[in-house]
Amino acid sequence: MAFVNENYLKLPGSYLFSEIARRVNKFKQKNPSADIIRLGIGDVTRPLPAAVIEAMKKAVEEMGHAETFRGYGPEQGYEFLSQAIIDHDFTPRGVNLSTDEVFISDGAKSDTANFQELFGVNNTIAVSDPVYPVYVDTNVMAGRTGFPNEKGQFEKLVYLPCTEENGMKPALPQSRVDMIYLCFPNNPTGMTLSHEELKQWVDYARENKSIILFDAAYESFIREENVPHSIFEIEGAREVAVEFRSFSKTAGFTGTRCGYTIVPKEVMVYDPKGEAHSLNTLWLRRQTTKFNGVSYPVQAAAAAVFTEAGQKQVKETIDYYMENARIIRDGLQKAGYKVFGGINAPYIWMKTPDNMESWEFFDKLIREANVVGTPGAGFGANGEGYFRLTAFGTRENTERAIERIISKM
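Just so we're clear, the structure is a prediction, and the values are computed from it rather than from any experiment.

Asks: Would you take a moment to explain the overall build of the chain for this structure?
Replies: Regarding its fold elements, the chain presents 12 helices and 15 strands. Computed over the C-alpha atoms, the radius of gyration of the chain is 21 Å, within 12% of the 22 Å expected from 2.2 N^0.38 for a compact globule of 409 residues. Structurally, the chain occupies a C-alpha span of about 55 × 55 × 50 Å along its principal axes. Counting every position in the chain, which comprises 409 residues, the buried fraction comes to 55%. Across the chain, every contact between residues at least 6 apart in sequence was considered, and the portion connecting residues at least 24 apart equals 73%. In the structure as shown, the chain presents an accessible area of about 18,200 Å², 50% of it carried by carbon and sulfur atoms.

Asks: Looking at this model, I keep getting lost on the nonpolar core. Mind explaining?
Replies: The biggest cluster of nonpolar side chains holds 95 residues, and the ones touching the most others in it are I212, F247, F253 and L332. With 9 residues, the single largest contributor to this core is helix α10 (residues 308-334). Counting 30 residues, the second-largest nonpolar core is a separate cluster that includes A108, V267, L279 and W283.

Asks: Please explain the sheet that holds strand β15 (residues 386-390) as it appears in this structure.
Replies: Across a sheet, strands are paired by hydrogen bonds formed along the backbone, either parallel or antiparallel in direction. As summarised here, the arrangement of the 4 strands in space is β11-β12-β15-β14, forming an open sheet in which the pairing is antiparallel. Of all the strands in the sheet, just β11 (339-341) and β14 (374-375) have a single pairing partner and so form its edges. Across 2 bridges, the pairing between β14 and β15 is antiparallel. If you follow T374 over to β15, its bridge partner there is R388.

Asks: Help me out: how do you make sense of the side chain of D215 in this one?
Replies: For D215, the location among the structural elements is in strand β6 (residues 211-215). Despite its burial, D215 pairs with no opposite charge, the nearest such side chain being R245 at 8.5 Å. A polar contact of 2.6 Å, which involves the side chain of D215, links it to the side chain of Y135.

Asks: I keep staring at the pattern of salt bridges and nothing clicks. Help me out?
Replies: Two side chains that carry opposite charge are able to pair once their charged atoms sit near each other. A complete count under the given rule lists 28 salt bridges for this structure. A salt bridge links K351 to E164, with the nearest nitrogen and oxygen atoms 2.8 Å apart. Remark: E164 occurs in the loop between β4 (157-161) and β5 (179-183) and K351 occurs in strand β12 (residues 347-351); sequence separation between them is 187 residues. Given a relative accessible area of 28%, K351 falls into the partly exposed group. Close ionic contact of E266 with R238 constitutes a salt bridge, the shortest N to O distance being 2.6 Å.

Asks: Before we go on, may I ask you to explain the environment of V372 in this structure?
Replies: Among the secondary structure elements, V372 is positioned in strand β13 (residues 371-372). Beyond its immediate chain neighbours, meaning those up to four positions away, V372 contacts I20, V24, I36, I37, R38, L39, G40, F362, I366 and L389.

Asks: Which parts of the structure should I look at to understand unusual backbone geometry?
Replies: In terms of backbone geometry, most residues other than glycine have negative phi values and most peptide bonds are trans. The peptide bond linking D129 to P130 adopts the cis configuration, its omega dihedral lying at 10°. Locating P130 in the fold gives a position in the loop between β3 (125-129) and α5 (133-142). One non-glycine residue, R257, lies in the positive phi region at around 70°. Examined against the element boundaries, R257 turns out to sit in the loop between α7 (248-251) and β8 (259-262). We classify R257 as partly exposed; its relative accessible area is 30%. For D354, which is not glycine, the phi torsion reads 55° and is therefore positive. Overall, the relative accessible area of 74% leaves D354 in the exposed class.

Asks: Honestly, α5 in this entry has me stumped. Any pointers?
Replies: Side chains that are three or four residues apart share a direction in an α-helix, a result of its 3.6 residues per turn. A large share of α5 lies buried, amounting to 8 of its 10 residues. Every buried residue of α5 is accounted for by P133, V134, Y135, V136, D137, T138, N139 and V140. As for α5, its buried residues are in contact with α1 (16-30), α4 (108-114), β3, β4, β5 and β6. G143 occupies a position one or two residues after α5 and carries a positive phi of about 95°.

Asks: When you look at α10 in this model, what are you seeing that I'm missing?
Replies: Spanning 27 residues, α10 covers 39 Å between terminal C-alpha atoms, matching the ideal 39 Å at 1.5 Å per step. G336 sits one or two positions beyond α10 and adopts a positive phi of about 95°.

Asks: Can you help me understand the packing of helix α2 (residues 50-62) against helix α9 (residues 296-304) in this one?
Replies: Packed helix pairs are specified by the crossing angle of their axes together with the interaxial distance, meaning the distance between the axes. Relative orientation of the contacting elements α2 and α9 amounts to 150°, with a least axis distance of 8 Å. Accordingly, the angle class assigned to the pair α2 and α9 is roughly antiparallel. Relative to α9, α2 is oriented so that their crossing is right-handed. Note on element contacts: α9 touches α2 through Y296, P297, A300, A301 and A304, opposite A51, V52, A55, M56, A59, V60 and E62. Taken together, the residues of the contact of α2 with α9 break down into 11 nonpolar, no polar and 1 charged.

The rules we used
Residues numbered from 1 in each chain as written. Predicted model: local features only at pLDDT ≥ 70, side-chain atom pairs only at ≥ 80, totals over all residues. Heavy atoms only, no water. Helix = DSSP H or I, 4+ residues; strand = E, 2+ residues; numbered from the N terminus. Rg over C-alpha atoms; globule rule 2.2 N^0.38 Å. Buried < 20%, exposed > 50% of the residue type's maximum accessible area, 1.4 Å probe, protein only. Contact = heavy atoms within 4.5 Å. Areas by Shrake-Rupley, 256 points an atom, 1.4 Å probe, with all protein chains shown as cover. Core = buried A, V, L, I, M, F, W, Y, C linked by side-chain atoms within 4.5 Å. Pairing = 2+ DSSP bridges. Lys, Arg positive; Asp, Glu negative; His and termini not counted. Salt bridge = Lys/Arg side-chain N within 4 Å of Asp/Glu carboxyl O. Polar contact = N/O pair within 3.5 Å; in protein donor to acceptor, adjacent residues only side chain to side chain. Expected span 1.5 Å × (residues − 1). Axes fitted to C-alpha atoms, helices over the stretch in contact; angles between N-to-C directions. Parallel < 35°, antiparallel > 145°, perpendicular 65-115°, else oblique. Left-handed = near helix turned anticlockwise from the far one by under 90°. Nonpolar A, V, L, I, M, F, W, Y, C, P; charged D, E, K, R; others polar.

Function cannot be read off these values alone, since they describe shape.
Listed below in structure tokens is the structure:
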């Protein structure tokens, strides 16, 4: 008989957003005429920028002619896109990268999920709590976490609480850890770290030979000064950090799929003898074995994001979503809710009223206001009693949703 990977049996019954979809579908079956507004899953509503569409059309046309046709591309990505990323996202911030430190992929979710394959199962992992579920679930699948307790927390993970008392910012681990997942601007809380705060994490990692897996998928939404857009703005980060980024939320690539991961050549992992091995080399080996690269038309479309027209159009999209975030944040605050985020990120993290459990609030919100959000408990034990709303809806739906929450809740 074929035996199961028993680590999968330790996971919750379904992925958070699958469970939300199940509950919404169940509600719609019972209430077919309900006008549901979705501010839950972080999917975008604005179309791809015109510059991106034109570049994709041109690339598809090239694929139809023998002289410009392209078959298998480099697994690491085409250099024209890697260089554009470096020139736009990193060089202006004083970060020096080479194109073989940039790995083009089908999205940050895939990369943050897959990157843990490079690490031994005995590594100790630290995650913030609440946390993006993919970081935890993929390590559960790999067998690093042990079993969950009654709160759903896994016995071998080190949880770093993000609470109102610490401003929703995790404190450094009290004990030594090997792998640290950080996401800033944060999903789900929308909070950020200053340069000084992020430097503490880099210093910790350097002192302990830890690796920081830094998810910067929302860096383009940063509005305030002294908020780093990349961990590599911090001295020494090249020795201890990997950074994940995405075109999904900034340029509407949630369905088109393109992202990139930065793996500096200096960052090392160690074998039992204490000998160092390059994560850059190992990730290249993994990708060339398991991944055939992002399609040429998609990479050509992504490169168009960095043209003058593309930058203007992407900025308009980001400004649109951040105005939605302001509408949600201001509306909830005026209604008396306590909220976090929404200033440097497209997520608003609200405290549920009257200490209501977050799934209970989910059910009440969809039932009474026909609005869908994300229960904080789905992001971890410290998310209980909180709720996430996203700014990725249309302006009309965002305004209608807030009006309903204020009037009906």
